[in-house]
Each structure stands twice: as C-alpha cells, then as structure tokens.
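Summary of structural features
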Amino acid sequence: MRKIPCSGCSLLCDDIIVRSDGIFIDEVIGACLKGKERFDQVTAKNRIVTPMIRDDSDLKKSSWDEAFKKVTKLLKNSNKPLLYGFSTVSCEAQLKGLELANLLNGFIDSNSTICQGKVLNMAKETGLTLTTISEAINKADLLIVWGANAAESIPRLFNKTLFSRGKFRMTGREIKTLVIIDPVKTASFGVMGVRDIALQINPGEDINLIKVLKEECCNPGSIASEGVAGIDNDDLKRLLLHLTGAENGIIFIGQGLLKTQSKKSVIRELLELVQMINVKQQKGRISVILIGGHYNMLGFDHVALSNYGKNHSLQFSNNQLIDTDDTIVSKIEREDFDCSIIVGTDPISHLPQELSKKLAKKPLILVDNKKSATLRIADVVLPSTITGIESEGLAFRLDHVPIELKKIVNPPSNIFSDEEILNQIIEKFKLK
Ligand code: SF4
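For the structure given in this document, a descriptive report is provided here.

About the thresholds
Residues numbered from 1 in each chain as written. Predicted model: local features only at pLDDT ≥ 70, side-chain atom pairs only at ≥ 80, totals over all residues. Helix = DSSP H or I, 4+ residues; strand = E, 2+ residues; numbered from the N terminus. Near = placed C-beta within 6 Å. Nonpolar A, V, L, I, M, F, W, Y, C, P; charged D, E, K, R; others polar. Core = buried A, V, L, I, M, F, W, Y, C linked by C-beta atoms within 7 Å. Buried ≥ 20, exposed ≤ 12 C-beta atoms within 10 Å, placed from the backbone. Domains from an automatic or database assignment. Contact = placed C-beta atoms within 7 Å. Axes fitted to C-alpha atoms, helices over the stretch in contact; angles between N-to-C directions. Parallel < 35°, antiparallel > 145°, perpendicular 65-115°, else oblique. Left-handed = near helix turned anticlockwise from the far one by under 90°.

**Comments concerning unusual backbone geometry**
Positive phi values are uncommon outside glycine, yet Asp56 reaches one of about 55°. Within the secondary structure, Asp56 is located in the loop between strand 4 (52–55) and strand 5 (58–61). Residues other than glycine seldom take positive phi values, yet Glu335 does so here, at roughly 55°. By secondary structure assignment, the location of Glu335 is in the loop between helix 13 (328–333) and strand 15 (339–343).

**Details of the site of the ligand**
Around the ligand lies a shell of 13 residues, among which Cys6, Gly8, Cys9, Cys13 and Gly35 are the nearest. Grouping the constituent residues of the shell around the ligand by class yields 9 nonpolar, 2 polar and 2 charged.

**Digging into the nonpolar core**
Leu143, Ile144, Trp146, Ile251, Phe252, Ile253 and Ile291 are the most contacted members of the largest nonpolar core, which totals 121 residues. For this core, the domains that each give at least three residues are domain 1 (49–111 + 299–397 + 415–431) and domain 2 (117–290). Ignoring anything within four residues of it in the chain, the contact list for Leu143 reads Thr161, Leu162, Lys176, Leu178, Ile250 and Phe252.

**Thoughts on the packing of helix 3 (residues 91–104) against helix 17 (residues 418–431)**
It is at 8 Å that the axes of helix 3 and helix 17 come closest, and there the two elements cross at 20°. Here helix 3 lies roughly parallel to helix 17, going by the angle between them. Between helix 3 and helix 17 lies a crossing whose hand is left-handed. The segment helix 3 lies against helix 17, with Glu92, Ala93, Lys96, Gly97, Glu99, Leu100 and Leu103 engaging Asp418, Glu419, Leu422, Asn423, Ile425, Ile426 and Phe429. Of the residues in the contact of helix 3 with helix 17, the class split is 7 nonpolar, 2 polar and 5 charged.

**Some details on the environment of Ala395**
Considering the arrangement of structural elements, one finds Ala395 in strand 18 (residues 393–396). Its 29 C-beta neighbours within 10 Å are what place Ala395 among the buried residues. When the C-alpha atoms of Ala395 and Val89 are compared, they prove to be 8.1 Å apart, with 306 residues separating the residues in sequence. Sequence-distant contacts of Ala395, that is, excluding residues within four places in its chain, are made with Ser7, Leu12, Ser90, Cys91, Tyr295, Asn296, Gly299, Ile403 and Leu405.

**Observations regarding the packing of helix 3 against helix 12 (residues 297–308)**
For any two helices packed against each other, the geometry comes down to the angle between their axes and how far apart the axes lie. It is the contact of helix 3 with helix 12, at a shortest axis distance of 9 Å, that shows an interaxial angle of 50°. With respect to helix 12, the axis of helix 3 lies oblique. As for how helix 3 packs across helix 12, the hand of that crossing is right-handed. Seen from helix 3, the contacting residues are Cys91, Gln94, Leu95 and Leu98; seen from helix 12, they are Gly299, Phe300, Val303, Ala304, Asn307 and Tyr308.

Pasting the structure below:
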C-alpha cells in the first residue's frame, strides 16, 4: 500500500491509497469517481500505446524511429511552429516544451491562457490575495463558489473545505457559510444548507453584481430596491454582510466567470472588490483560489514565469523571447503558423469550429496518451505515459502549492513520458 497524490484534477488530493505490485493497480482507496477514472485510464480502450504516422488519409502504426524522423522533417520545414497545451503534463515536461519553442523560434502557450491565466495576468495590475487549501480546511468561515460546478469538476473540494473540521476550531460545517453564484442550478447547489446562500444570477451580469457590491462598500445604502442581475435586495445585503464580516472568506473563481462577455473587466472588478474589502476589514480577510480543471494548469504559469519572465503567449525569435501582442487565438485566427505541436490537450474539441478548421489545415504533431478529436487530424501521434501513475513529476495544485507526483506502475513497453518525448524531439532536431 502506498499513499500517493491523484492527478485527476487540480486539487491533487495527496491522500489516495493505492495497492499495486508495480505492474497492475489492484486497489485505489480514497479517490472520487473522477480520480478512479484517471487510474482506469491505464487500461482504457481509448489509450494510445503506439506511435502513428498519417499515410495518405489514414493514421498507421509506426516505430518510434519513423515517428521521430517524421517529426524532425516537419519541424525542419517549419518557420512558424505553434506549441500548445501543456496543462496535463508535469512541470519538467513544460520546461522541455519551452526549451523546444525557443530552439524552433516558435510560439508557445498553455490552456491557462484562455482560462485562469487571465486572472493571474490581471493580478499583475490589481494584486491578488491568495490562500491555501489547508487554510480553507482549518480556518475558513465563508466559501464563495463563483461560476463553477465544484461538486462535479473538483469532486472532493467540498469534502475538504466545507465539511471538514478545522485544526484550530472545535467546529466545522456549522460555522461555514457556502455561497454559490451561478446562472445554472448545478449539482453543487445540492450541498447547500439552510444558512447558505444560493444566488442564481442572470447570465453575463456578474459584472453588474460586483459593481454594486463595490459601490455599497464605499457608499452603504446604495442598493436599488429591485436588486441587481436577478438577485434580490435581501440576498445582496446578506452576501455583503458575509463578505465584510468573514474572518477567513475564500472566493473560488470558476471558468463560468472567466467566460462572461467582458472577461477582462469582470476579473478586474472582482479583484478590486477583494482588495477593497481587505483594506476596510479590521479582523478578517477575503482570499481567492482559482478553479482550473486540468491538474497542472498553474504549473505552466509558474515554469514560464520563473524561467522566461512571462507566463503566457511566448514568442521566440533568434532563440530569444520577443515582445508580442499575439495570443494562441490570434495566431490561429490569422493562420500565422505553419505547423503545430499539441501536448496533452484536445483543441479540436475545445476551440470554436472556425479555429479548429484552421488548426487542422496545417501539419499537426500530437503528444498524448488518449484518443481524441485532435488525434483524428494529427499527422504524427506520439503516445505518452500517464503522469502521476506511470511516470513522476512536479505539478502545482490549484492553491499554488507544488506537489510531487509519483510513479506506481510501469508504462506499456516502449512508452516515454512527455518530458522524455519532448527531450528526444529537441535532441533529434539539433542533430539534423
Ligand atoms: S478531487 Fe480531483 S484530485 Fe481529488 S481524488 Fe478526485 S479527481 Fe483526484
């Protein structure tokens, strides 16, 4: 029996017990269904276990040698490679990805750029009060989940933060107030108790709510009698009372909030509201935790920032980082690339159709461990190990705490980790 972290989502629960002889996993104790699925992925039907090369219109199995030769040829003929993904790989693989982008004079970005990275970028201007899951377990008295269905996307988040009994208090759930702000009545609403506050906001009107809260902080009594954004006056007052009176309040920011129309301003307004409350608060504080889906989405921000001074949209030229206003979306939109390397993600399923079509027009190299829509259009497929089960590596939990992922079983024969694959691409490219 071994205690290991789960890489099923960005909570990276480090209390999972696994029984294994190093070849098979016999038992997994403590993981949620999503976590169990991650362990089941080892033998899943959609697992990729051999390299593949497109021959005419079909993907055909190949040797690693042939696959790497094809990759090197594609990259030698490319002047504007695009590298994207990297949120479901280790920090070591992310570093190799950045090294490869530098070597190829390419453009690199991670999924974070269209998700929680927006908050980190805005925080450079507004500041950001962070906290940890341990603080949430031990000290939180107010949990606000904004634009996220935590019960399904991070299944054990509520177990850990809402239903836990803190180390420094003899109380748990009974003193914790849960507020959920979402236009959709998701499964998360099912965990709410009588003291909690369920706010079904009008879609896309989060910014109006935040502005009213800011205004009320500066100028009490300014809330209109009819409420705002579909939330009535009484609920607004209760929300504000909790925000300004909490000893340890935490706002979990989900993708729902990041996807609203005026993305930049809604994030700015929210971070400013948090700072405003914290300046006024004498006894307590409000902190923020970003809920990202992929287990190491934050890792790319940390690795890129600490090595290159920039966390997103890195453009290299003459093997140096240069300034650019481009994003992954603008690069694909303008078709300003001639080849792409996709690592551990499925942009063909996730990006809007117009962008997917443009991405599919140019040669695509895929590094991943499971079949996806992107595999269907890839020119070369390089199968990788499942990090946290078949290979080890570092990942950053959603509260920015680094967690060491473990290897518990050997991968199928001849499968390399993402880090090893990217390293081999670098070495083979240098040799040619
Ligand atoms: S909550 Fe996430 S990290 Fe924890 S067991 Fe479930 S999938 Fe794994």
